[in-house]
Amino acid sequence: MTGEVAVLHRIVHVLFLALCLMAVHPAAAVASASRVDEAGVLFDQAPGFDGELIEVSGYSRTQDSLRSTEAADDFAVYDADGWSVETVYLVAGGNCDQPGCDRGPSRFVNLKIVPDERGRPAATPVCSLENAPATFPATPFGAVFPSAAVNFPAPCALPPGRYWIVAQFVEHERFDAHTRLGHSSYLYAFPQETVAVGSPGLFRYSFGYAADPICPEWEWVGRCFEASVLRSEPEKVDYAFRIAGRRGRTPGEVEFSLTATPHDPERPDACDGTPRIEAAPGDRLNLCYRLSNRSGSDLSVHELTGTAPATAESFEQHLGLAQTWQINRVVTVEDQPQIVSSWTARDARPGYVWNDRVAAQYLDLSQSESARRGVSFLQLPFAIDFFGAPSRVVCMMENGYLYVIPHDNPVYCRESTLPAQPLPAVLPTAEPAILPSWLDLAPGPTAASATYFDVVGSEPGQRQLVFEWRDYARYQAGGIEPGTITFEVKIDEASGAITFLYKDMLFADSLSPAGDHGQWAAVGLQQDAGHALQYSYREPSLTDGKAIRWQPTVPRSYSASASLQIDLGAPRLALETAALQASAPAGGSTRQTLRLANQGDRPLRWNLDEIPAAASARPAPAAASEAGLPPVPAYALTVSNPRLQPELVSTDLAAQGDGVEVILSPAEFAYQEGSAAFWPYVGGAFLGNDFSRLYLLDIVGALSVVDTASGARSTVAERILPRIGQPLYPWFAGLAWDDVAQTLYASGWMLDPDDEDGLRSRLYRIDPVAGTAEAVGDVQNDVEFAFVAVDTDGQMYAVDLHTDVLLRVDKATGAYEVVGPLGEDFPWYDGLLDPRDRYPGPGAGLAFDPSTRTLWFWSSPDFNMFTPDDPGLYTIDTHTGTATRVSPYSSAIANVLAFAIAVPYGDCARPGEVPWLSFATGGDVTAAGAAAEVAIDFDAGGLAPGRYTAKLCIDSNDPQHRYRPVAVPVDFTVTGTDADIFASGFDEQR
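Residues numbered from 1 in each chain as written. Predicted model: local features only at pLDDT ≥ 70, side-chain atom pairs only at ≥ 80, totals over all residues. Heavy atoms only, no water.

**Student:** What should I look at first to understand the nonpolar core in this one?
**Tutor:** Across soluble globular proteins, you tend to see nonpolar side chains buried next to one another. Judged by nonpolar contacts, the single largest core of 44 residues is most densely connected at Phe-75, Val-85 and Phe-152. Membership of the second largest hydrophobic core comes to 36 residues, among which are Leu-380, Ile-384, Phe-387 and Val-489. (Core = buried A, V, L, I, M, F, W, Y, C linked by side-chain atoms within 4.5 Å. Buried < 20%, exposed > 50% of the residue type's maximum accessible area, 1.4 Å probe, protein only.)

Written out as structure tokens, the structure is:
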């Protein structure tokens, strides 16, 4: 292919419709760009002659994508009430580069309306459409200028301002780069005498096409094609388009629905339910939240609140006009007849715009009698709204910034040195921060050198907060330099504006001019560790007398609520046969009838002689114990150094470390090797007798569950509670199942508001399905209990690793009493940087064996942070608190992060075969209000005369027996001799 042909293909084709125009209208048409009063037309940039078609095509195939191009042109909204844009018309054409092929443009368009940003389209659109269908030919400019009409499914609401139309036809047909055959679409560009609005039309290759070095970024279209007639006067070239709609902005809306289906692990994204559902307490429901955008704006920031989820969830997701998005959450039904949720969607995060050309008066607080000097932690007289979040607490740091604390809890204000990269940055006390001049500073040599704070004004709503850093010197390793700088921050109560004022930013020391006027500083506002607005970073931009005003921006917000009605009900298992008694002569048989009823209002599903899930779990080994203890099967999560990757194992606690069975290899468990963000697990628990799913809690509150048969791990919740403050709390320390209350508990630590360096233990109830937690109460007297366990009577115990004692805990209040000392010095980790950065050392755990009511404690070294006096497995006397070592620490098992005992609760704890007992059916569904009968056969064949006992176990969906089957005692007497021989059967009674 010749270069001339290639150039002709890349640029413009002579406008076929312009030739038609010349034939029909010999006189040249007059082009214009204006607001017009014609009904429905808001902006008109009518085409003129002498124009050309510019290829504006986005190719859907990856191999063609480098050829993708975009076009943009600007317009202005002058009406004070704004516009509601409904339709955009683009004068367009198409070609397939084949003989006899004369086609229109693609019928699908990517269209965006974006604000102007310094003469170019901004990155974030106000409204956008992807693959939007276009009508062609539309004729707003007559048949001779055919147009593609693109309709917004909901009006695009535009306040007054300058905007850009950004257009790209979507080509779904194949393009052959070698033969250059294939479909492509064009927009009509033409020269005007005067460009009516702002800028000429723009053009760019979306991906910076390597073969076309011209215009990889936005450029005047006339400059992008060497052989084009448009190139002679590129400053006059525009695209032909029309905007239609209505003046004024009708408030938009979002459509929100909430439906539910029964929870099915195979259908996590199910959304085909209804807003009303039948359910029983304890049932798990899959809630589908679905939001449709009819607001007139693209939406990107979302918040979901209500009774489910119990805590607010915030997330970011771009949602264009008419687009729909859904999220699913699994909840456990309690006794609530309905769930009410609200969804708030915004077009942007709350933010600020800065202006560094404002006049502002500097206040010298060192001369103020009311100003406070040498301040750090400050409780403000009124709340400041920082990035949309209210706060009444700040930390004024000597390094030239303010922490904005997003809560009222006590914090320890800690300095942070300037990061090695621009904002945002990770800060040690709080992520939100006001940064007028963040660099390494220290009080200077002058008498006035200090931080100052004052409130200017006394009328509520008209006050100002003023924070001044006066005469601060830069800090060096050898001490401070003699030169100083002075600057301050003002926060206006009425407007929420934040102003940085710089009185003297010249250090005038031995290092000057380096570092003067902000050359070594970070300047801006930070919302969190992922979002910040930066004015400058290591630039000498802070001249003496300068002021930077940060004005809050309020995003457009749309809210909707929906409710789910729950028809509460439940099956209720009632045994009409409380016990079975039968007798038969040796070699004979007999039959009894087991009668049960459903006294509830939902179908009762029941099974006889089986325990769901436990039977399918991988059995833990039951090796003989040298100490003569019965087997205590357990699962443990371990980690070894230096790999730092968890490994799930099953073992027998009473076997002195022998018989360890590795279930899950380290490579399969979801941890990054050598990760600096390694957060150890602190607790494990089974729910009731379901040993197929081991629940794990880590120190920051992430709840997950591991399938003990396959090793598959899934996340229940990233955080069961939001973490606040710095260091971030709560920190969690233990996990325990209470089979009496059918409740999962966790222990954790919070800051003690009465002691700056103290912690306070706290007890939590956890919903293992929803992944949420609620606090039970605080433990007083600075007791830092860690691991928790609950016995078969529902009594909770905890170990306080600070004082090495056993505690008896009230589950309702968190109050405790000391049982007694453990008699050993067990490990806990004390923070190296902060006295409150302490938590129980992973490598320990507490659990009950329900069959013997034995309390087990497992202790092992933790990555060389500490070494207990005598690591190993212990039993603890719940009457005295004394810990007795049963077996030493086994090298076969690495450091223990969490463990749980797999011994069942209740009378049906150890199922087994009973050869003399059988039944006709193993399970059924009994309707509400109905009863069922099961024939139970007793066979004395092969049995010696005597008395035989067993238990039948009935598992059901009755919420009252969700985790433990109901036991029916069975007594069978075989006659034939006078001897009363006792023989063991299924679950022998003693």
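Having seen the model, we can carry on.
**Student:** Could you clarify how one ought to interpret the state of the cysteines in this entry?
**Tutor:** Here a disulfide denotes one covalent bond, and it connects the sulfur atoms of two cysteines. Summed over all chains, the structure comprises three disulfides. Linked covalently through their sulfurs, Cys-215 and Cys-224 form a disulfide whose S-S length is 1.9 Å. Between Cys-215 and Cys-224 the disulfide shows an S-S torsion of about -100°. By sign, it is left-handed. For Cys-224, a relative accessible area of 5% puts it in the buried group. (Disulfide = S-S within 2.5 Å.)

**Student:** Help me understand the sheet that holds strand β42 (residues 557-568), please; the structure alone is not making it clear to me.
**Tutor:** Across a sheet, strands are paired by hydrogen bonds formed along the backbone, either parallel or antiparallel in direction. Across the sheet, which stays open at both edges, the five strands sit in the order β21-β42-β26-β23-β24 with mixed pairing between neighbours. Both edges of this open sheet fall to β21 (276-279) and β24 (313-319), since each of them pairs with a single strand only. When the angles between neighbouring strand axes are averaged without regard to direction, this sheet yields 30°. Taken together, the six bridges between strand β23 (residues 299-306) and strand β26 (residues 338-346) define a ladder with antiparallel strand orientation. Paired with Val-301 across the bridge in β26 is Arg-346. (Pairing = 2+ DSSP bridges. Helix = DSSP H or I, 4+ residues; strand = E, 2+ residues; numbered from the N terminus. Axes fitted to C-alpha atoms, helices over the stretch in contact; angles between N-to-C directions.)

**Student:** How do you make sense of the side chain of Arg-463 when you look at a structure like this?
**Tutor:** Considering the arrangement of structural elements, one finds Arg-463 in the loop between β34 (450-456) and β35 (464-476). When its relative accessible area of 15% is taken as the criterion, Arg-463 is described as buried. What Arg-463 contacts, discounting residues up to four positions off in sequence, is Pro-381, Phe-382, Val-455, Val-456, Gly-457, Ser-458, Ile-491, Asp-492 and Glu-493. (Contact = heavy atoms within 4.5 Å.)

**Student:** Can you walk me through the sheet that holds strand β59 (residues 796-800) in this structure?
**Tutor:** A sheet is described by the order of its strands in space; here four strands give the open sequence β58-β59-β60-β61, paired in antiparallel fashion. Among the strands making up the open sheet, the edge pair consists of β58 (785-790) and β61 (816-821). Adjacent strand axes in the sheet meet at a mean angle of 30°, parallel and antiparallel pairs treated alike. Two elements, β58 and β59, share four bridges in a ladder whose sense is antiparallel. Across the sheet, the residue bridging to Val-788 is Ala-798, located in β59.

**Student:** Mind showing me how you'd approach the packing of aromatic side chains here?
**Tutor:** The description of an aromatic ring pair uses the distance of the two centres, along with the angle that the planes make with each other. Applying the stated criterion across every chain yields a total of 31 aromatic pairs. Judged by centre distance (6.0 Å) and plane angle (45°), the rings of Tyr-352 and Phe-386 are tilted. One end of the pair, Tyr-352, is in strand β27 (residues 351-355); the other, Phe-386, is in strand β29 (residues 377-386), with 34 residues separating them in the sequence. Its relative accessible area of 8% is what places Tyr-352 among the buried residues. Ring centres 4.8 Å apart and planes at 80° place the aromatic pair Phe-386 and Phe-387 in the edge-to-face group. Each member of the pair, Phe-386 as well as Phe-387, is classed as buried. The rings of Phe-43, Phe-75, Trp-83, Tyr-163 and Phe-241 are connected pair by pair, giving a single aromatic cluster. The ring of Trp-220 carries the charged tip of Arg-223 above its face, separated from the ring centre by 3.9 Å. In this structure, Arg-474 packs its charged tip against the face of Phe-507, placed 4.2 Å from the ring centre. (Phe/Tyr/Trp six-rings, centres within 6.5 Å; stacked < 30°, edge-to-face > 60°. Lys NZ or Arg CZ within 6 Å of the ring centre and 35° of its normal.)

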